[in-house]
Amino acid sequence: MNRVYMLEMARSDVFNGVSRSIQALMRCLADDSGMEVAWLRLLYWGDSRTTLRDVERVEHCFRYLLPYGVDTFLSDKEKREQCWVQILNRYFTDIPEGDTLIFHVHTLNLIELACFLQTHLGGHIITHLHCIPWKSLYDRNQAHYKKLYYNYYIEKQKPRWEDFIYADYERKAYLTSDALVCVTYNARDFLLSLGLPENKVHWVANGLPNVAAEQNGRRQDAEVPTVLFVGNANPSKGLELLLEGLTNLRQRALRIVVAGLFDMATREHLLNRFPQLDIRFVGQTDLETLSRLYTQATAGVIPSAHEQCSCVAIEMMMHGLPLVCSSVDGLDEMFQHEITALKVPLSPAADNPYTPDGQALAQALVRLLADASLRHRLSCQVRTLYESDFTDTLMREKMRSIYSLLTS
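K.L.:
Outline the environment of Ala 179, supporting the account with residue identities and numerical values.
P.N.:
Structurally, the position occupied by Ala 179 is in strand 6 (residues 179–182). Ala 179 gets classed as buried once you look at its relative accessible area, which sits at 1%. Each C-alpha atom of the pair Ala 179 and Thr 393 lies 21 Å from the other, and the pair is 214 residues apart in sequence. Those residues in contact with Ala 179 that lie beyond four places of it in its chain are Ile 125, Ile 126, Thr 127, Lys 200, His 202, Ile 402 and Leu 406.

K.L.:
Would you mind going over the sheet that holds strand 3 (residues 61–65) in detail, with residue names and values included?
P.N.:
Taking strand neighbours across the sheet as the criterion, the 7 strands line up as 3-2-1-4-5-6-7 in an open arrangement whose pairing is parallel. Each of the sheet's edge strands pairs with one partner strand only, and the pair in question is strand 3 and strand 7 (201–203). Strand-to-strand twist across the sheet, computed as the mean angle between neighbouring axes with direction ignored, equals 25°. Pairing of strand 1 (residues 2–11) with strand 4 (residues 100–105) involves 6 bridges; the strand directions are parallel. Residue pairing in the sheet places Met 6 in a bridge with His 104 of strand 4. Contacting strand 1, strand 2 (35–44) and strand 4, helix 1 (residues 17–29) runs over the sheet at an angle of about 160° to strand 2. The strands touched by helix 4 (residues 77–91) are strand 2 and strand 3; relative to strand 3, the strand with the most contacts, the crossing angle is about 150°.

K.L.:
Which residues make up the confidence of the model for the protein, and what are the values?
P.N.:
With 94% of its residues at a pLDDT of 70 or more, the protein has an overall mean of 90. Low pLDDT, under 50, characterises residues 48–53; the stretch is placed with 15 contacts to residues that sit more than four places away or in other chains.

K.L.:
Any details on the nonpolar core? Residues and values, ideally.
P.N.:
Soluble, globular proteins show a tendency: their nonpolar side chains are buried together. By size, the foremost hydrophobic cluster in this structure holds 109 residues, and its most contacted members are Met 6, Leu 42, Leu 191, Phe 335 and Tyr 403. Apart from the residues within four sequence positions on either side, Phe 335 is in contact with Ala 313, Met 317, Leu 323, Cys 325, Thr 340, Ala 341, Lys 343, Val 382 and Leu 385. In this structure, Leu 242, Leu 270, Leu 342 and Leu 361 belong to the second largest nonpolar core, which totals 29 residues.

Calculation criteria
- Residues numbered from 1 in each chain as written.
- Predicted model: local features only at pLDDT ≥ 70, side-chain atom pairs only at ≥ 80, totals over all residues.
- Heavy atoms only, no water.
- Helix = DSSP H or I, 4+ residues; strand = E, 2+ residues; numbered from the N terminus.
- Buried < 20%, exposed > 50% of the residue type's maximum accessible area, 1.4 Å probe, protein only.
- Contact = heavy atoms within 4.5 Å.
- Pairing = 2+ DSSP bridges.
- Axes fitted to C-alpha atoms, helices over the stretch in contact; angles between N-to-C directions.
- pLDDT = per-residue confidence, 0-100.
- Core = buried A, V, L, I, M, F, W, Y, C linked by side-chain atoms within 4.5 Å.

In structure tokens, the structure reads:
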């Protein structure tokens, strides 16, 4: 028997794309008679009671509430090791002799836990690269991000470990894992450019179960053209730049629905800065509510500065929602311009070619909202794209082959 343990660390009140991907993988592997799958979520911050109910519906999902604040936890090795011992004693007892263990790391900073468990129990380690860590610098240090962006994308230099790998746990994940799973080809190319062996680096696109079968073909466009944004308040998600572009175009006859975690201060900032726009914040929602939003919206928008294989993009595909997105990373791989989406390049400005072009995104949205035939064509073709490339069945088969490769 193969026993696979999905390892994730997350805020207790947030259900993000990584969580959604794990949930989909858990559900589609559940019917494999030769495999037992468990999901161990290390939760921090917030009220554990607010964990979205969708996770509660997944069997073999275990929650470990960090006894320390996340900053303390990440900075204090001794406290982390105390947690590892607790986790070992709580969740990894009575494992039948002869079973093969696979520790599937979905949050890079849990590679230390995986190595600890491997030392005590044996088994194999897979690290799933849902993001490219250096790109998180966009939200924390744009000057440094700009330097690395120019180095890799403009000057096309071979990346040096000392420049692009800035966390010990990332280096450890790349070097100690038995397999590395990338959700985009651009992430795979990045790891290979670091010199990692080709037979260790795999590509598996995210896939989600079809929760939109009943809605497909029955879109319910609102009386007021409605644009749906699903994401968070991080600058890299591009919402503020998009709103600025819509304001510059003096677009008033539309509604922007924002689904995701935005604190009150950020909401007030955006409402005060763009008073002429009809912006509706609906907060963090469950999948049933999201499904209704996807069905009722006129168009979707993903104005990000960087994305991997976006679960939001897959959900929009699944619901046949015509969309506009920035032409970056995974989004550029997922969609064809004018065929399955309207793709907009990043800013043409020489000093910031790494930033979403809010004006161009707004113009593309206005075009899409004004052209019903274009929306219908994109809706049909993007739904077909979901069915051919981004179902949970496809993801399951690819992951099964990697599990088999490690255990054979």
